[in-house]
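Listed here are the chains, written in short residue letters.
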Amino acid sequence: MELREVLKARRSIRQYTGEAIPEDTIRDILSYAPWVPNHHVSEPWRFVVAQGPSLEELADLRHQAVLRRRAGEDSAQARADKARQEFLDASAVIAVIQRLDENSSRRQEDYASVAMATYNIILAAWDAGIGAFWNTGPLMQDADVRAWLDLREDEQPAAFLRLGYPKAVPVQRRTPIDERVQWRR
Ligand SMILES: Cc1cc2nc3c(=O)[nH]c(=O)nc-3n(C[C@H](O)[C@H](O)[C@H](O)COP(=O)(O)O)c2cc1C
């Protein structure tokens, strides 16, 4: 698919067919991640790919994290069940992890690059016919998830990317860009 076409056609995908994604395909998609603008070429990322039983473990951790976050709320159980099922419906989840520089300016610049690296993964996936969904939420700060990912003190998740072959592609709208651009000539 043409790059310009991908940039507008890509959507966040919530519904997947359940078909497994070959590991070689995931490896290929990940290979695009480092090729983003990156000040000092710090490469402040690493990735954990969860599939099969590991994805079930991560889904259970998400369930528990939502239950803890929503403790006391009537909807806690339903939200936790939904959060778990969302992960189980995906064929893989990639945890994108940022190494946190001691310097706050570098940390901010690094996050920009990590976000772009994540987007490269999403675009490469789309080009391969695979949809992605960028999740944040309660998993981001959860101690059990940190332990499961073997995160060091100086590491932080930036994204949990659900991946799968799309069952449905939602329609989205955006404000026409002319409404957000001021030309100065
Ligand atoms: C940093 C970041 C975090 C996000 N976290 C969530 C999330 O936790 N839950 C969610 O429903 N969507 C999340 N999204 C996805 C957005 O909701 C989605 O991109 C938006 O609805 C636009 O849809 P589109 O990607 O199809 O254009 C996140 C996106 C980004 C970039």
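Residues numbered from 1 in each chain as written. Predicted model: local features only at pLDDT ≥ 70, side-chain atom pairs only at ≥ 80, totals over all residues.

*Asks:* Hey, could you run me through the overall build of the protein in this one?
*Replies:* Secondary structure assignment for the protein yields 6 helices and 4 strands. In the protein, the order of α-helices and β-strands from amino to carboxyl end is α-α-β-α-α-β-α-β-α-β. On C-alpha atoms alone, the protein measures out to a radius of gyration of 18 Å, which is about the 16 Å that the 2.2 N^0.38 rule sets for 185 residues. Counting only C-alpha atoms, the protein reaches 55 × 40 × 40 Å along its principal axes. (Helix = DSSP H or I, 4+ residues; strand = E, 2+ residues; numbered from the N terminus. Rg over C-alpha atoms; globule rule 2.2 N^0.38 Å.)

*Asks:* What should I look at first to understand the site of the ligand in this one?
*Replies:* In the vicinity of the ligand, the contacting residues are Arg11, Ser12, Trp134, Asn135, Thr136, Gly137 and Gln172. Residues of the shell around the ligand, tallied by class, amount to 1 nonpolar, 5 polar and 1 charged. (Near = placed C-beta within 6 Å. Nonpolar A, V, L, I, M, F, W, Y, C, P; charged D, E, K, R; others polar.)

*Asks:* When you look at the nonpolar core in this model, what are you seeing that I'm missing?
*Replies:* One broad trend across soluble globular proteins is that nonpolar side chains are buried collectively. In this structure, Val93, Val96, Ile121, Ala125, Leu161 and Leu163 are the most contacted members of the largest nonpolar core, which totals 40 residues. Mapped onto this core, the elements with two or more residues apiece are helix H2 (23–30), strand E1 (45–50), helix H3 (52–69), helix H4 (76–89), strand E2 (92–99), helix H5 (104–127), strand E3 (131–135) and strand E4 (155–164). Among the elements that line this core, the one with the most residues is H5, at 7 residues. The contacts of Leu161, once residues within four sequence positions are left out, are Val93, Ile94, Val96, Thr118, Ile121, Ala132 and Trp134. (Core = buried A, V, L, I, M, F, W, Y, C linked by C-beta atoms within 7 Å. Buried ≥ 20, exposed ≤ 12 C-beta atoms within 10 Å, placed from the backbone. Contact = placed C-beta atoms within 7 Å.)

*Asks:* Explain the environment of Ala50 to me, please; I cannot follow it from the model alone.
*Replies:* Along the polypeptide, Ala50 turns up in strand E1. On the basis of neighbour counts, which here come to 20 C-beta atoms within 10 Å, the residue Ala50 falls in the buried class. A sequence separation of 99 residues divides Ala50 from Leu149, and the C-alpha atoms of the two residues are 10 Å apart. Once residues within four sequence positions are removed from consideration, Ala50 is found in contact with Leu55, Leu58, Ala92 and Val93.

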